[in-house]
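# Fold and contact review
Single-letter residue listing:
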Amino acid sequence: MPLITANDAAFAYDGQIVLSDVTFTVNQGDYICIVGENGSGKSTLMKGLLKLVPPARGEVRLGDGLSQDEIGYLPQQTLIQRDFPASVREVVESGIRSRRIFLTRGDKKRALDMLNLLEAGSLINRSFMELSGGQKQRVLLARALCATRKLLLMDEPTAGLDPVAAREMYKIIEKINREQGIAVIMISHDVQTAALFASHILHLQQTPLFWGTAAEYLETFPGRKFAGGVCDV
């Protein structure tokens, strides 16, 4: 049974439809990249999947026993996030505190386990504000992972990172998807790299919208135009 099913979903902003005819499914282990030009509705769709924006028509349905508070979410970094005055431990554990106030020993172990998974366990007692951009993004990803064992949503997780840190982040996300079996839905402007790692591509602002495997996408005109020659990372 799919984790998420979108059936002919449409979303509006200020009463105007900005995205329509969205149909796709997300299954366990999928790695889906949402791509498209600026203003194509990528962030609006992400909010729709998080149930922050209701569909103007159609539906977005959760399945396979997935509840809304079991979805891990990594938003685009803001200035507040980058300068958050807290320890790494506090930031990561806040991913669990969003569901309950008091943490168990198992909760604290999971927070450290997620940092270790991202090769960032040594940062646990550091100040979040003192970290590099790549380190901060790993910590925020560990926070998101504390909330889920099934589905991770990410909005431009490599935005603002230098090429080396961005490449490492893509490899970490692939590792989470492959080794943990966590389904990934990621918005990305880097279509070339997205097509290299993703199992499926959803390209918005096409008529009709493209939904299919990454290999199928690269055979289409939009795929050739936006992805170009796929390079190794």
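Residues numbered from 1 in each chain as written. Predicted model: local features only at pLDDT ≥ 70, side-chain atom pairs only at ≥ 80, totals over all residues. Heavy atoms only, no water.

### Digging into the overall build of the chain
For clarity, the cut-off: The numbering of helices and of strands both runs from the N terminus, where a helix is a DSSP run of H or I of at least 4 residues and a strand a run of E of at least 2. Between the two quantities, the radius of gyration covers C-alpha atoms and the globule rule is 2.2 Å times the number of residues to the power 0.38. Here the accessible surface of atoms and residues is derived via Shrake-Rupley with a 1.4 Å probe, and residues count as covered only by protein chains that are part of the display. Here Asp and Glu are counted as negative and Lys and Arg as positive; His is not counted, and neither are the chain ends. Taken as the charge centre is NZ of Lys, CZ of Arg, CG of Asp or CD of Glu, depending on the residue.
Across its full length, the chain holds 9 helices and 9 strands. The C-alpha radius of gyration of the chain comes to 18 Å, within 12% of the 17 Å expected for a compact globule of 233 residues. By its C-alpha atoms, the chain is 50 × 35 × 35 Å across when sized along the principal axes. Surface exposure of the chain reaches about 11300 Å², of which carbon and sulfur atoms provide 51%. Taking the average place of the 26 positive charges on the side chains of the chain and the average place of its 26 negative ones, the gap between the two points comes to 6 Å.

### Observations concerning the environment of L131
Rules: Each residue's exposure class comes from its accessible area (1.4 Å probe, protein chains only) as a fraction of the maximum for that residue type: buried when under 20%, exposed when over 50%, partly exposed otherwise. Any two residues whose heavy atoms approach within 4.5 Å are treated as being in contact.
By secondary structure assignment, the location of L131 is in the loop between α4 (105–117) and α5 (133–145). Of the residues examined, L131 reaches a relative accessible area of 6% and is grouped as buried. The contact partners of L131, leaving out residues within four places of it in the chain, are V88, L123, R126, K136 and V139.

### Topic: the side chain of E156
Applicable threshold: Salt bridge, as used here: a side-chain nitrogen of Lys or Arg that lies within 4 Å of a carboxyl oxygen of Asp or Glu. Identification of polar contacts relies on pairs of N or O atoms within 3.5 Å, with a donor-acceptor requirement for protein atoms, meaning one able to donate a hydrogen and the other able to accept it, and with residues adjacent in sequence counted only if both atoms are side-chain atoms.
In this fold, E156 is placed in the loop between β6 (151–155) and α6 (163–180). The buried charged residue E156 lacks any salt bridge, with K42 as its nearest oppositely charged partner at 5.7 Å. Looking at E156, its side chain comes within polar contact range of the side chain of H189, at 2.3 Å. Excluding residues that lie within four positions of it along the chain, E156 makes contacts with Q76, Q137, I187, S188 and H189.

### Section: unusual backbone geometry
Backbone geometry at D8 places phi at a positive 50 degrees, although glycine is not the residue there. The phi dihedral of D64 falls on the positive side, at around 55 degrees, and the residue is not glycine. Residue placement: D64 occurs in the loop between β4 (57–62) and β5 (71–74).

### Structural notes on the nonpolar core
In summary, soluble globular proteins display a tendency toward joint burial of nonpolar side chains. For the record, the criterion: Buried Ala, Val, Leu, Ile, Met, Phe, Trp, Tyr and Cys residues that are joined via side-chain atoms within 4.5 Å together make up what is termed a nonpolar core.
Ranked by size, the top nonpolar core spans 49 residues in total, and within it Y31, V139, L141 and L145 carry the most contacts. Considering each element in turn, this core owes the most residues, 7 residues, to α6. In this structure V139 touches V88, V91, V92, L115, L123, F128 and L131, once residues within four positions along its chain are discounted. Listed in part, the 27 residues of the second largest apolar core include L3, F11, I32 and I187.

### Some thoughts on the sheet that holds β6
Our working rule: The pairing criterion for strands is at least two bridges between them, as found by DSSP. Interaxial angles span 0 to 180 degrees and are taken between N-to-C directions of axes, which are lines fitted to C-alpha atoms, for helices over the stretch in contact.
Taken in spatial order, the 6 strands line up as β5-β6-β7-β3-β8-β9 in an open sheet, and their pairing is mixed. Two strands in the sheet have a free side with no partner beyond their single neighbour: β5 and β9 (210–213). Averaged over neighbouring strand pairs, the angle between their axes works out to 15 degrees when direction is ignored. Note that β6 and strand β7 (residues 183–187) share 5 bridges and pair parallel. Bridge pairing links D155 to I187 in β7.

### Side note on the confidence of the model for the chain
The criterion, for reference: What pLDDT conveys is the predictor's confidence in a given residue, as a value from 0 to 100.
In this model, the chain carries an average pLDDT of 88, and 94% of its residues clear a pLDDT of 70 or more. The element-level mean pLDDT for the chain is lowest in helix α2 (residues 79–82), coming to 55, with β7 highest at 96.

### Details of the environment of T213
Residue placement: T213 occurs in strand β9. Sequence separation between T213 and S199 is 14 residues, and the spatial gap between their C-alpha atoms is 5.7 Å. Setting aside chain neighbours within four positions, we find T213 in contact with S199, H200 and I201.

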